[in-house]
Amino acid sequence: ETTGFSPVDDRVIEIALVRIRKGEITDTFTTLIDPEISIPEKITDITGISNSDVEGKPVFADILDEIEAFAGDDIIIAHNAPFDKSFMDLRWSKDNPWIDSVAFARIVWPMLPSHSLENLMAYMGMVNEDAHRSLSDTLCTAKLFLRLLEEYKSLPLEVHRNILSLNSISFTPLMQLLRRLSAAVFTKKTPAGTPIVFQQFHPYAPVIDAEIEYKAKDDEYTLPQEITDRYFSEERMKKCFPLYEERPQQAEMASAVADAFNSQSILLAEAGTGTGKSLAYLLPAALFALNSGHTVAVSTHTLTLQDQLINKDIPLVKKILGRDFKAAVLKGRSNYICLRCFENMLFKAAENDMEFAARFIVWLSQTTDGDGSILLLTPEERWKWRSVAAAKETCIGPKCRHYNSDCFVYNNRRAAALCDIVIINHSLLIADASFEKGFLPELPYLIIDEAHHLEKVAGDQLASKLSYYDIKTYLERIIGRENDGVLKTLEKSALQLIDGAEDEQILKERLLNFEFAVSELESQSDSFFMLARDVFLPMITDNYIPAKIRITELLKEGAGWHIFRSFADSLNKSLMRFVQALSSLLDCVSVLEIQTERSVYGKEELRMLGLTFREYAAVLEDIAELDVPQENYVSWVQFGDLSKMPDLHIAPIELAEPLNSCLFMPKRSIVFSSATLTTGTSFEYYKRSV
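Reading guide: rules and limits
Residues numbered from 1 in each chain as written. Predicted model: local features only at pLDDT ≥ 70, side-chain atom pairs only at ≥ 80, totals over all residues. Heavy atoms only, no water. Pairing = 2+ DSSP bridges. Helix = DSSP H or I, 4+ residues; strand = E, 2+ residues; numbered from the N terminus. Axes fitted to C-alpha atoms, helices over the stretch in contact; angles between N-to-C directions. Phe/Tyr/Trp six-rings, centres within 6.5 Å; stacked < 30°, edge-to-face > 60°. Buried < 20%, exposed > 50% of the residue type's maximum accessible area, 1.4 Å probe, protein only. Lys NZ or Arg CZ within 6 Å of the ring centre and 35° of its normal. Salt bridge = Lys/Arg side-chain N within 4 Å of Asp/Glu carboxyl O.

Novice: Could you give an account of the sheet that holds strand S12 (residues 633–639), with specific residues and numbers?
Specialist: Spatial strand order, S10-S13-S12-S11: 4 strands in an open sheet with antiparallel pairing. At either margin of the open sheet sits one strand with a lone partner, and together these are strand S10 (464–467) and strand S11 (547–550). Taking the axes of each pair of neighbouring strands and ignoring which way they run, one obtains an average angle of 25 degrees across the sheet. Sheet analysis places S12 next to strand S13 (residues 647–652), joined by 6 bridges and oriented antiparallel. Looking across to S13, one finds that Ser635 is bridged to Ile650.

In structure tokens:
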């Protein structure tokens, strides 16, 4: 326990050590310490340790020898070890290896919502009797560590095989421990000489045969009005819910929803709090889906409403109908792990990626849907997640070996196509309609709840962004950290198929040209975004984040705009040279594939990245007005952090036309529902907006 969080300015006020030998707690040491400074009142409130408690106790220097003798050269376990280690490193000279039980717990139990000591003790069915006192906390950490050892050893054999397959020049103390444990398990459970190779292992992932994706559909079906009325009758409802109180508006809305589906029309329904609008649209939607074979989509703005629909309202509808039906939540592509990208990450993971990799190896043995958004990730892990998350830019679709077997993205999509009701959010709805194009299954009947948020979400989704950090991420994916990226994969794969010095020379020339284009693009993007930062940062007049500078006609009259456009033009030319060099390389590879009737690894991912960089060039042209001014669009520069590079944005001002063409026109029927859709008593403003 300490007087605060700073290892330099604060002091230790209590310390405890607990020794573990062969799975048993064998010895303890604890003492209060005089910090030689006053203990803050808030620390006393947390720990119960006051200034009078430490008066006359030894100072840290006086007990250092005893602490060092107790610790010896053993591994030190601590919960949130970086904090404890930061204090100890300034006060002793020992170099013991440290293991953080938080990191260990995050690997063994990856899906827990919290890995605090208090929550982990509760998860294990134990209680920390004297929390925030050193001995009690340390004893709890020891018990946790022993439990983690047993839990880890009981993981499936394939998890241990995959942990052992990880390669690194050096491993952290935690990874060294895990590999020793895995080696012991693997040796015990497999015959001598069993190869240690990585194998994707996720036994609970749903594998859906593409052949059963078809659902018979009746395009002529209409939902009889008397059926809807029957289910909302007071007599029927009171049989299911004795305390039910009749709500005429709820039945009226349900009837209107059924009419909209039957007539393939649009309904705007403003339903205030207490109307029970979720039930009013879910019940006719379920009846229509069950009888017509069409999947009905419900789009929400908040996760809270999604959870309410799937966990509370849909079970309620099933009870009222007395029938079961299939319902699921489908999230955006980037919420799911891409198994191919994860494999690629494993083969070139650095030492500081290993614990992240171990956590995901264990998680893959436990997840049923590959949804990584439920994991509690640190900021550093969120950045790493981007390299293994599914993305339109890196998805190679049917050419991926996981596509028709264990791909989480497409298995979830196929499962959604077989549902009667699928729940999505507004961002995914609009993203799929505007640029994903086909991630969602066909959903001709759509209910948009929390519809008053649609315009804002549409503005965000239909906007385009040019990000320095996105460019850097994708260029690193191409080249890799040590020339081990997807380009090297393509080169190795293509050279194995070439039979002839002339063809090899042509391929190497195009590889060299593309590598030069990548290097030039990296340099030009550095220069452009640094210039953009220098031009626009002085225009910020406050410290509110994110800080936005709108590109106006007045701004374009300044000298900075002309310099900005000049650098934008240079970057745009580099982007186009990159696209052209990549296209030339891929043409060469395509000829090779035709000649050999073999596939070249890495080609499809590079092709998708090429399309992404082509889009970046188009966005830059529009923002900097390198071609023609964009009408009905607004552009701005945005700083998410004043110390980092800005992003460039462009978005439509009027959303009605793009929403109509990409989202509304392809649908047969749409229901808009919200507590606030009218202005006065009219829907006209909302209708014009969207």
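Novice: So what's going on with the packing of aromatic side chains? Which residues, and what values?
Specialist: Under the counting rule described, the total for this entry stands at 27 aromatic pairs. Taking the centre distance of 5.4 Å and the plane angle of 75 degrees together, the rings of Phe360 and Trp363 count as edge-to-face. Here the residue Phe360 and the residue Trp363 both occupy positions in helix H16 (residues 354–364), the gap between them amounting to 3 residues, near one helical turn. Residue Phe360 is classed as buried on the basis of its relative accessible area of 0%. With relative accessibility at 0%, the residue Trp363 sits in the buried group. Aromatic side chains Tyr468 and Tyr469 sit 5.1 Å apart centroid to centroid with 85 degrees between the ring planes, which places their arrangement in the edge-to-face category. Accessibility expressed as a relative area gives 11% for Tyr468, which makes it buried. Three or more aromatic residues joined by ring pairs form one cluster here, namely Tyr468, Tyr469, Phe528, Phe529, Phe536, Trp561 and Phe564. Positioned above the aromatic ring of Phe325, the side-chain terminus of Lys318 is 5.4 Å from the ring centre. Its guanidinium or amino end placed over the ring of Tyr403, Arg414 lies 5.0 Å from that ring's centre, counting from NZ or CZ.

Novice: Any details on the pattern of salt bridges? Residues and values, ideally.
Specialist: Taken as a whole, this structure holds 34 salt bridges when the rule is applied. In this structure, Arg668 engages Asp219 in a salt bridge whose closest nitrogen and oxygen atoms are separated by 3.2 Å. In this pair, Arg668 sits in the loop between helix H27 (656–664) and strand S14 (669–674) while Asp219 sits in the loop between helix H9 (173–189) and helix H10 (225–231), placing the two residues 449 residues apart along the sequence. Between Asp371 and Lys331 there is a salt bridge, with its nearest N and O atoms 2.7 Å apart. In this pair, Asp371 sits in the loop between H16 and helix H17 (379–388) while Lys331 sits in the loop between strand S7 (327–329) and helix H15 (339–347), placing the two residues 40 residues apart along the sequence.

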